[in-house]
Amino acid sequence: MRRSPGDIMELTQADRQHLDKSKQDTCSLGNTDDSLKYDSGRVAHDFSCIHSKDLLPAEDGEEKTKHFLQELLKEGLEGFSLDLPDQPDNLEQLLVDCRDTLKYGVKTGHPRFFNQLSTGLDIIGLAGEWLTSTANTNMFTYEISPVFILMEEVVLRKMHSIIGWPEEDGDGIFCPGGTMSNLYSVLLARFHLFPAVKTHGMSAIPRLALFTSAHSHYSIKKSAAVLGIGSENVIVVKCDERGKMISSELNSSIEAAKSKGLVPFYVNATAGTTVYGAFDPLNEIADICEHHGLWMHVDAAWGGGLLLSNKHRVKLQGIERAHSVTWNPHKMMGVPLQCSTILVKRKGLLQECNQLCAEYLFQPDKHYDVSYDTGDKSIQCGRHVDVFKLWLMWKAKGSEGFEAQINHCLENAEYLYYKLKKRTDFQLVFKGKPEHSNVCFWYLPKQLQSIPPGPERDRELHMVAPKIKTKMMEEGFTMIGYQPLEEKVNFFRCVFSNPATQREDVDFLIDKIAHLGIELYSLS
Ligand code: ABU
């Protein structure tokens, strides 16, 4: 198998067998000094007889710690093992394990990795993550996270103002991923309407109904299931051919639910759907929510970043009318995973809904203003510091830097769209320019190009993307996702969120798919 150092996937069958082999003893007997190996005039540190107990906070551990961390990300050693030992491994082995963990992992920061919505590797963001781990603290109280809690407030206020909410009114919290952010939105909407649910549970309230589009993220149904509302009480609203919720369908679905005795309370509008990258008509949905007195949530996990672009923010017009918004900086803004927010228009609601006043954390008689103990707003207890890397990146780039990188990603999507439009061996899944950076397409092998669209062609076409992806993964040069959607058989979805990706990478992807397709289908 031909592979280059820059490959996305480096794990072949041979590698897997190698991982299963028991590891070698890497301790060079008799050598107890960590700075004794010389290679072409350069000092190479020998970690084979050092163990984690020799690092800080061990006495005299400083130099060894520094050398170990410097060595960590270099390439080249072999002897990786997944087995967990009873006796401590030495640092030489740990270096092997660390390097090979990266070597055999998927390189999601590679400019030719198009498989997920969160891609890339921002160096300032990485520095932020390192500092966060170094600080190793918890977001629940101000007494142990004073700086990070102030930063969270500053960043959330900035995001409120970008949405168009009055800064002083808004609230929010960083949480682990868009699904959790969406779960918060359903939780808050239900509490807002029926506060008794917090103490008395679901038996105290009527059968609720919530609404979301057919192209929305599965987390809305998951939230309904987790919160005891029931996934069947999520009413799925039809979309147009571009994947946007049809607002008249929303209105008639609400009326129909009411006539069946259900109590509608919540509508999720999506700003940037997962597959098509579609933006629901937010103002039309806001009018309907106002008319029926419903909570409006905007899932802008993917599309929220476009608010930073003067060119593209128009696609989210009406977001300021929402009661809550999900926005994941770890997607379009390129912040290292994870970095996700739930933003709430009404201040104080998160606290009212979730607080339980644990006395060993949230003592009311502390020596400072305890409103800075934001931990009881959360449904978690321990909470990771996700804000610092975003704050640091914002300082490093300014809002203009984010705008430039987001515009660049959308330009790449447009470039791919125009290239595919001209070719007969590719077909776009929906008409017109993409609104976000998602480009959805089929590769059409020669045999299928002459078959008219219909069940016969669909049967074959459904197998094309998985077959090509299998080959692509075996080679390891690039990576792209595929899925079916509604009546559409498997198609590729290319997404751009890595500012390092250039047009030549887009050209590479198209050529690679066509090349693998020709290879596969000339054999069959
Ligand atoms: N939260 C949706 C992410 C899925 C994706 O990367 O495709």
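See the structure shown above.
Residues numbered from 1 in each chain as written. Predicted model: local features only at pLDDT ≥ 70, side-chain atom pairs only at ≥ 80, totals over all residues. Heavy atoms only, no water.

(A) Main features of the overall build of the protein chain. Assigned secondary structure in the protein chain consists of 15 helices and 14 strands. For 524 residues, the compact-globule estimate of 2.2 N^0.38 gives 24 Å, and the protein chain sits close to it at 26 Å. Seen along its three principal axes, the alpha-carbon backbone of the protein chain occupies a region of about 85 × 75 × 45 Å. The burial tally for the protein chain puts 52% of its 524 residues in the buried class. Once local pairs closer than 6 in sequence are excluded, the contacts in the protein chain between residues at least 24 apart make up 70%. A total accessible area of about 24600 Å² is found for the protein chain, and carbon and sulfur atoms account for 54% of it. Counting 57 positive and 68 negative side-chain charges, the protein chain places the centres of these two groups 7 Å from one another. (Helix = DSSP H or I, 4+ residues; strand = E, 2+ residues; numbered from the N terminus. Rg over C-alpha atoms; globule rule 2.2 N^0.38 Å. Buried < 20%, exposed > 50% of the residue type's maximum accessible area, 1.4 Å probe, protein only. Contact = heavy atoms within 4.5 Å. Areas by Shrake-Rupley, 256 points an atom, 1.4 Å probe, with all protein chains shown as cover. Lys, Arg positive; Asp, Glu negative; His and termini not counted. Charge placed at Lys NZ, Arg CZ, Asp CG, Glu CD.)

(B) Quick peek at the packing of aromatic side chains. Evaluated as defined, the whole model comprises 15 aromatic pairs. For the ring pair Tyr 142 and Tyr 372, a centre distance of 5.2 Å and an interplane angle of 35° mean the geometry is tilted. Here Tyr 142, found in the loop between α4 (123-135) and α5 (146-163), pairs with Tyr 372, found in the loop between α11 (349-354) and α12 (387-421); they are 230 residues apart in sequence, far enough to count as distant. Taking relative accessible area as the criterion, Tyr 142 reaches 22% and is therefore assigned partly exposed. Classification of Tyr 372 by relative accessible area gives partly exposed; the value is 29%. Summarising the aromatic geometry, the rings of Phe 265 and Tyr 266 are spaced 5.9 Å apart at their centres and angled 40° between planes, so their arrangement reads as tilted. (Phe/Tyr/Trp six-rings, centres within 6.5 Å; stacked < 30°, edge-to-face > 60°.)

(C) Summary view of unusual backbone geometry. Cis geometry marks the peptide bond from Leu 56 to Pro 57; its omega dihedral reads 15°. Here Pro 57 is to be found in the loop between β2 (42-44) and α2 (62-71). The linkage connecting Leu 337 with the following residue, Gln 338, adopts the cis geometry, with an omega of -5°. Here Gln 338 lies in the loop between β9 (324-327) and β10 (340-344). Positive phi outside glycine occurs at Asn 136, with the angle close to 45°. Along the polypeptide, Asn 136 turns up in the loop between α4 and α5. Residue class for Asn 136 comes out exposed when judged on its relative accessible area of 65%. Here the phi dihedral of Glu 486 falls at roughly 50°; this positive angle occurs in a residue that is not glycine. Inspection of the secondary structure puts Glu 486 in the loop between β13 (479-485) and β14 (488-495). Look at Glu 486 and you get exposed, because its relative accessible area is 54%.

(D) Focus on the site of the ligand. Looking at the ligand, the residues that line it are Gln 116, Leu 117, His 217, Lys 331 and Arg 493. A distance of 2.8 Å separates an oxygen atom of the ligand from a polar side-chain atom of Arg 493. Here the ligand loses 73% of its free accessible area of 250 Å² to cover by the protein chains. Counted by class, the shell around the ligand contains one nonpolar, two polar and two charged residues. (Near = heavy atom within 4 Å. Polar contact = N/O pair within 3.5 Å; in protein donor to acceptor, adjacent residues only side chain to side chain. Nonpolar A, V, L, I, M, F, W, Y, C, P; charged D, E, K, R; others polar.)

(E) Broad picture of the environment of Gly 120. Its location among the elements puts Gly 120 in the loop between β3 (113-114) and α4. Considered as a pair, Gly 120 and His 110 are ten residues apart in the sequence and their alpha carbons are 6.4 Å apart. The residues touching Gly 120, leaving out its near neighbours within four places in the chain, are Thr 108, Gly 109 and Asn 498.

(F) Fine view of the pairing of strand β12 (residues 438-443). Burial analysis of β12 places six of its six residues in the buried class, the great majority of the element. Side-chain alternation along β12 places Asn 438, Cys 440 and Trp 442 on one buried face and Val 439, Phe 441 and Tyr 443 on a second face that is also buried. Two strands pair when backbone bridges link them, and strand β11 (residues 426-428) and β12 are joined in this way by three bridges, in the antiparallel orientation. Within the sheet, the bridge partner assigned to Leu 428 lies in β12 and is Phe 441. Relative to β14, β12 runs antiparallel, the two being bridged by four bridges. Across the sheet, the residue bridging to Cys 440 is Arg 493, located in β14. (Pairing = 2+ DSSP bridges.)

(G) Molecular detail of the side chain of Ser 309. Among the secondary structure elements, Ser 309 is positioned in the loop between β8 (295-299) and β9. Residue contacts for Ser 309: discarding those within four places in its chain leaves Glu 403, Ile 406 and Asn 407.

(H) Up close: the nonpolar core. Grouped together as the largest cluster of nonpolar side chains are 99 residues, with contacts concentrated most on Val 298, Val 325, Trp 327, Phe 441 and Ile 513. In this structure, Val 197, Ala 224, Tyr 266 and Cys 353 belong to the second largest nonpolar core, which totals 27 residues. (Core = buried A, V, L, I, M, F, W, Y, C linked by side-chain atoms within 4.5 Å.)

(I) Focus on the pairing of strand β4 (residues 171-175). Of all five residues that make up β4, five are buried, and the element is covered over most of its length. Of the two faces of β4, the one lined by Asp 171, Ile 173 and Cys 175 and the one lined by Gly 172 and Phe 174 are each fully buried. Where β4 lies against β10, five bridges are found, and the strand directions are antiparallel. Looking across to β10, one finds that Gly 172 is bridged to Leu 343.

(J) Structural context of the sheet that holds strand β5 (residues 208-213). Ordered by their spatial adjacency, seven strands build an open sheet running β4-β10-β9-β8-β7-β5-β6, and the pairing between neighbours is mixed. Of all the strands in the sheet, just β4 and β6 (234-237) have a single pairing partner and so form its edges. Here the strands of the sheet are splayed against their neighbours by 20° on average, with no regard to which way each runs. By the bridge criterion, five bridges tie strand β7 (residues 263-270) to β8 in an arrangement that is parallel. Within the sheet, the bridge partner assigned to Asn 268 lies in β8 and is His 297. Of the strands in this sheet, β5, β6 and β7 touch helix α8 (residues 219-226), which is tilted by about 165° from β6. (Axes fitted to C-alpha atoms, helices over the stretch in contact; angles between N-to-C directions.)

(K) Looking closely at the environment of Val 298. Tracing the sequence through the fold places Val 298 in strand β8. Judged by relative accessible area, Val 298 falls into the buried class, the value being 0%. Residues Val 298 and Val 267, 31 residues apart in the sequence, show an inter-C-alpha distance of 8.4 Å. Setting aside residues no more than four positions away along its own chain, Val 298 makes contact with Asn 268, Ala 269, Ala 271, Leu 282, Ile 319, Ala 322, Ser 324, Val 325 and Thr 326.

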